[in-house]
Every structure is written in structure tokens, then in C-alpha cells.
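Structural overview for review
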Amino acid sequence: MVTTFEELLEKKTIFVDKTVLSPHYVPESMLFREKQLEEIMKTLTPALKGQKPRNIFLYGKTGTGKTSSIKYVLNHFNRQSQKSGSKTEMVYLNCSIYDSRYKILQKLMRPHYPELEKSGFGISYIYEKLVEKLGEDNHIIAVLDEMDMIKELSDLIYTFTRCNDEVKVGGLTLVGISNKLSFKNELDPRARSSLYENEVIFPPYDASQLKNILMQRIELGFQKESVSDAALSLISAITAQENGDARYSLKLLLKAGDVAESMGAMKIEENHVEEAKNLVEYDFASEGISRLPINHQIVLYTIAKMSIANKQKLTEGEDSYLFSGDVYDQYTKMARKVSKTPKSARWYREYINELEAMGLISTVFTSKGIRGHTRLIRIGHNPNDIIQIIEKNIGMRS
Ligand SMILES: Nc1ncnc2c1ncn2[C@@H]1O[C@H](COP(=O)(O)OP(=O)(O)OP(=O)(O)O)[C@@H](O)[C@H]1O
Ligand SMILES: [Mg+2]
């Protein structure tokens, strides 16, 4: 028989409110981030007194609370700004959407100049408007989240610097955010020194911190007593071991809840977590990879392809490591194939470090052997999955 709404409504559930487990939910208080929040707030306070704050850059691996911390600050900042009648506003932009100088300036100025809703205005027109706006003693704090996605970032930073030089009062402050270490080095030195006036680091969470973060959500999201302590400890331990990414632990908790429910249980136990882990893994790899800049994806794709080819050559039980130098050679070919200029070996090493930090690959250094000192690379996930994900992302065909 078909289910009725009545039945569905009456069905017992262990959840009270699933939205508090969503990655977009900003908690009432950010645990273990007092120091970072204070530093950001201190840096930005001059704007509320009509002075231009220094630029600030937030760095930390994925899921360390950068986005939620800045949204927390933004809410408080704008509330305070309104209260004290200040002409300062803080604006949040996700640069995977606003990924060029044009789109960013347009987004910042559109609320003030409705004519910009229409397209077709040149960059110099929008720039003039920006100077005009700031010249009325306005301060704008632009939060550029996932800043590594911006094309020609140095140009954008110069534009901002030039604009600040041009206005006598008012000013534009940048809050940049990224989880890519290599990003800093890819900027040219002038842009770098301007952006990195102040840096705030978000370290990964350990198991006990993750446990507390989860407890805060369990309180709001679940019925009382519906998560066993053993399950909670297991989620925290798995996450701490993987990468300390709070987003991963929340997803694991949510999925474990779904698994428990589907098995008719009213309490999440360890076996539900283990089952959920398999489900979360593919989703997670897919999301993580899709957020990577193109060159990281091409390197990872190359590694996946080579791992498969390598495996076919090996006999049962042999370890399938790749030589870093071979991967680089193949990467340069692969990049040209998708019409990208390959990056130098120096960048390539940074990409490898970051893919390793994300748990997508693992590497070891050897000092012995036929090739002397070399780095060996092994893929961390099913290579076929990775190929499928990346081919979908960037329309790459082998
Ligand atoms: N200290 C914390 N207290 C409570 N919740 C947290 C904390 N840190 C992170 N979270 C939660 O974990 C999830 C991921 O955090 P967030 O999106 O801020 O990470 P991020 O550092 O921006 O990651 P990425 O680099 O991948 O963008 C969010 O749901 C967030 O609410
Ligand atoms: Mg983020």
C-alpha cells in the first residue's frame, strides 16, 4: 500500500531538526575559535570608527570553521554598524561564484547603483562608482571566501589598492579566505604583501574538540539520548584521524542517523557509524575534488589514470606507488590535452602537498633505490571513482 502523510508524520524519528546539521548552518557560538574571532574582530573594529582596517587573511584546512567564523563576525559587525549609525558594511562573496574582478566589483556596487543590475557596463564605469561610493566616507569590508578561485587575482588586488590610494576618506578592506597553501605563493609579491597584512590561522580540530562541536549540534538536532557515547566517540576519532574536518564529522553524524532510522533503531550505535562511513566517503571525495582548482584536479586525474595502468602491470600483493617525476611528466601532457598551460615543477609539488593534506593521496620519500632520493605517490581513493568525478567536473575525456 502507498504510504500516507499521516503515517509519515506519525513515524518515530530520532531527529528533531536536521537543518542544524547542514554545512550552511551557522551555530550560535563557535567553539574553540575564541582567539581567531577576537583577532578578526579587533582588526575590523576601526571601520566602525570611520578608519580603514588592515586587510586580513584567514587560512586553514577544509572544515576548520573559516566560513562559519567569518559569517558569525559579519552578522555581529553589521548589527553593530547599524546600531551605531556607521557607514560601514561588510559583504560576503563566495568566489566560486564571483570569480573575476568584474563580477566582484559589480556585486559590491549593485546594491548602491541599481543601474548596474543591467549588464553591459564596462569595468571602468563600475570602478568610478566604487571610488564615488568610498569617497562619501563609506567603508566596505569585502569578504572573499574561497579566494583561490578568482581568476587574475593580482589584478583585483591592485585595483583595490589603487582605489584606496585614490579616495581621501573611506576605504575598502579585504578579508581573504582560502584552504590552499600554494595560493599564497602564486600571488606576485606586491599583491601578496598587500593581502597578507594580517594572517589568522585555523588549525584542524582534534578528536575531543570534534566531540564537543558534535555535542552542540546533537543537543539541537536530535531527540534526547538518541546518540550513544560510543558512536559519538567513533565519529570524532574517525574524523580526527582523517583530517579534523568538522564538516565531515557532521555529515557522518547525519548519515549515521539516517542509517539508524532505516534500520528501525532509536539510538545511533557504532555499527550505524561504520555503515555511514562508506556512504559518506564517495560523496565527500566528490565534493572535495569539485572544489579544487583546475590544476589540482588535473594532477589528481593523472595520478588516478597512472594508478590503474600501474596496477595492471603488477602482480598480486605488490604495492602500487608512482614516481613523482613520472607523474609530473604525465601531468604536463594531460594539462596540454585540456588546453591548460602546465605549471612548473615547483607548483606541482605544492599541489601534491595539498592533495596529500586532503587525504586524496599519500606520499613517502625514499633515499635508496635506482633513482636516488625520490617521492613516491599512492592514490587514497578508488581511482575509477576519481576519474569519473573529475571527468564530470571539467569535461575531460581520456
Ligand atoms: N568551532 C566550531 N564550532 C561549531 N561548529 C563548527 C566549528 N567549526 C566548524 N564548524 C562547522 O563545521 C562545518 C564546516 O565549517 P566551515 O564551513 O566554516 O569550514 P571552512 O573552514 O570554511 O572549510 P572550507 O575550507 O572547506 O571552506 C560547518 O557546518 C560549521 O558550522
Ligand atoms: Mg569555507
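Conventions adopted
- Residues numbered from 1 in each chain as written.
- Chains lettered and ligands numbered in written order.
- Predicted model: local features only at pLDDT ≥ 70, side-chain atom pairs only at ≥ 80, totals over all residues.
- Heavy atoms only, no water.
- Helix = DSSP H or I, 4+ residues; strand = E, 2+ residues; numbered from the N terminus.
- Buried < 20%, exposed > 50% of the residue type's maximum accessible area, 1.4 Å probe, protein only.
- Contact = heavy atoms within 4.5 Å.
- Areas by Shrake-Rupley, 256 points an atom, 1.4 Å probe, with all protein chains shown as cover.
- Lys, Arg positive; Asp, Glu negative; His and termini not counted.
- Charge placed at Lys NZ, Arg CZ, Asp CG, Glu CD.
- Pairing = 2+ DSSP bridges.
- Axes fitted to C-alpha atoms, helices over the stretch in contact; angles between N-to-C directions.
- Core = buried A, V, L, I, M, F, W, Y, C linked by side-chain atoms within 4.5 Å.
- Salt bridge = Lys/Arg side-chain N within 4 Å of Asp/Glu carboxyl O.
- Near = heavy atom within 4 Å.
- Polar contact = N/O pair within 3.5 Å; in protein donor to acceptor, adjacent residues only side chain to side chain.
- Parallel < 35°, antiparallel > 145°, perpendicular 65-115°, else oblique.
- Left-handed = near helix turned anticlockwise from the far one by under 90°.
- Nonpolar A, V, L, I, M, F, W, Y, C, P; charged D, E, K, R; others polar.

What follows concerns the overall build of the protein. In terms of regular secondary structure, the protein is built from 16 helices and eight strands. Taken along the three principal axes of its C-alpha coordinates, the protein extends 70 × 65 × 45 Å. Counting across all 398 residues of the protein, residues that qualify as buried make up 47%. Nonlocal contacts in the protein, meaning residues at least 24 apart in sequence, comprise 73% of its contacts between residues at least 6 apart. Only carbon and sulfur atoms are counted for the fraction: they give 51% of the accessible area of the protein, which is about 20,300 Å². Taking the average place of the 54 positive charges on the side chains of the protein and the average place of its 52 negative ones, the gap between the two points comes to 5 Å.

Attention shifts here to the sheet that holds strand S5 (residues 199–202). Taking strand neighbours across the sheet as the criterion, the five strands line up as S2-S3-S4-S1-S5 in an open arrangement whose pairing is parallel. The open sheet has two edge strands with one neighbour each: strand S2 (88–94) and S5. Taken pair by pair, the neighbouring strands of this sheet meet at an average axis angle of 15°, ignoring direction. In this sheet, S5 lies alongside strand S1 (residues 56–60) in parallel orientation, the contact comprising four bridges. Directly across from Phe 57, in S5, lies its bridge partner Glu 199. Lying on the sheet, helix H2 (residues 34–44) is in contact with S1, S2, strand S3 (139–145), strand S4 (171–178) and S5; it crosses S5 at an angle near 160°.

Of all hydrophobic cores here, the largest spans 34 residues; its most connected members are Leu 108, Leu 144, Met 147 and Leu 195. When residues of this core are traced back to their parent elements, those giving at least two are S1, S2, helix H4 (101–109), helix H5 (123–135), S3, helix H6 (153–166), S4 and helix H8 (189–195). Once residues within four sequence positions are removed from consideration, Met 147 is found in contact with Phe 57, Cys 95, Leu 153, Leu 174, Gly 176, Ile 177, Phe 183 and Leu 195. Counting 29 residues, the second-largest nonpolar core is a separate cluster that includes Ile 289, Val 327, Leu 360 and Ile 390.

As a rule of thumb, non-glycine residues mostly have phi less than zero, and peptide bonds are mostly trans rather than cis. A positive phi angle, near 60°, is found at Phe 32, a position not held by glycine. By the element assignment, Phe 32 lies in the loop between helix H1 (5–10) and H2. In this structure Phe 32 comes out as partly exposed when scored by relative accessible area, which is 29%. One non-glycine residue, Ser 339, lies in the positive phi region at around 60°. Relative to the helices and strands, Ser 339 is located in the loop between helix H14 (324–337) and helix H15 (345–357).

Turning our eyes to something else, we now look at the environment of Ala 191. Residue position: Ala 191 is located in helix H8. For the pair formed by Ala 191 and Ser 236, sequence separation is 45 residues and the distance between their alpha carbons is 39 Å. Those residues in contact with Ala 191 that sit more than four places away from it in its chain are Ser 154, Ile 157 and Tyr 158.

With that settled, the discussion passes to the pattern of salt bridges. Where charged atoms from two side chains of opposite charge come close, those side chains can pair. A full pass over the atoms with the stated rule returns twelve salt bridges. Notably, a salt bridge pairs Lys 255 with Asp 283, separated by 4.0 Å at the nearest N-O pair. Highlighted residues: Lys 255 in helix H11 (residues 246–262) and Asp 283 in helix H12 (residues 270–290), separated in sequence by 28 residues. Owing to a relative accessible area of 24%, Lys 255 belongs among the partly exposed residues under this scheme. A salt bridge links Arg 375 to Glu 356, with the nearest nitrogen and oxygen atoms 3.4 Å apart. In this pair, Arg 375 sits in strand S8 (residues 374–379) while Glu 356 sits in helix H15, placing the two residues 19 residues apart along the sequence. Among the residues examined, Arg 375 registers a relative accessible area of 11% and is labelled buried. Using a relative accessible area of 26% as the deciding quantity, one classes Glu 356 as partly exposed. Connected through salt bridges with shared partners, the residues Lys 251, Lys 255, Asp 283 and Glu 287 form a single ionic network.

This part covers the sheet that holds strand S6 (residues 322–323). Strand order in the open sheet formed by three strands is S6-S8-S7, with antiparallel pairing between adjacent strands. Both outer strands of the open sheet, S6 and strand S7 (361–366), are each paired with one neighbouring strand and no more. For S7 and S8, the ladder comprises six bridges, and the chain directions are antiparallel. Bridged to Thr 366 within S8 is Thr 374.

So, about the site of ligand 1. Among the 23 residues in the neighbourhood of ligand 1, the closest are listed as Leu 31, Thr 62, Lys 66, Ser 68 and Arg 291. Contacts to ligand 1 include Lys 66, whose side-chain N or O atom sits 2.7 Å from an oxygen atom. Contact with the protein chains covers 98% of the free accessible surface of ligand 1, which is 630 Å². Every element with two or more residues in the shell around ligand 1 is listed here: helix H3 (66–83), helix H9 (207–221) and H11.

What follows deals with the packing of H12 against helix H16 (residues 383–394). The description of two packed helices rests on the angle between their axes and on the distance between the axes. Running from N to C, H12 and H16 cross one another at 40°; their axes reach a closest spacing of 10 Å. In terms of orientation, H12 and H16 fall into the oblique class. Every pair of crossing elements has a handedness; the one defined by H12 and H16 is right-handed. Seen from H12, the contacting residues are Tyr 282, Ala 285, Ser 286, Ile 289 and Ser 290; seen from H16, they are Asp 385, Ile 386, Gln 388, Ile 389, Ile 390 and Asn 393. Across the contact of H12 with H16, the residue classes break down as six nonpolar, four polar and one charged.

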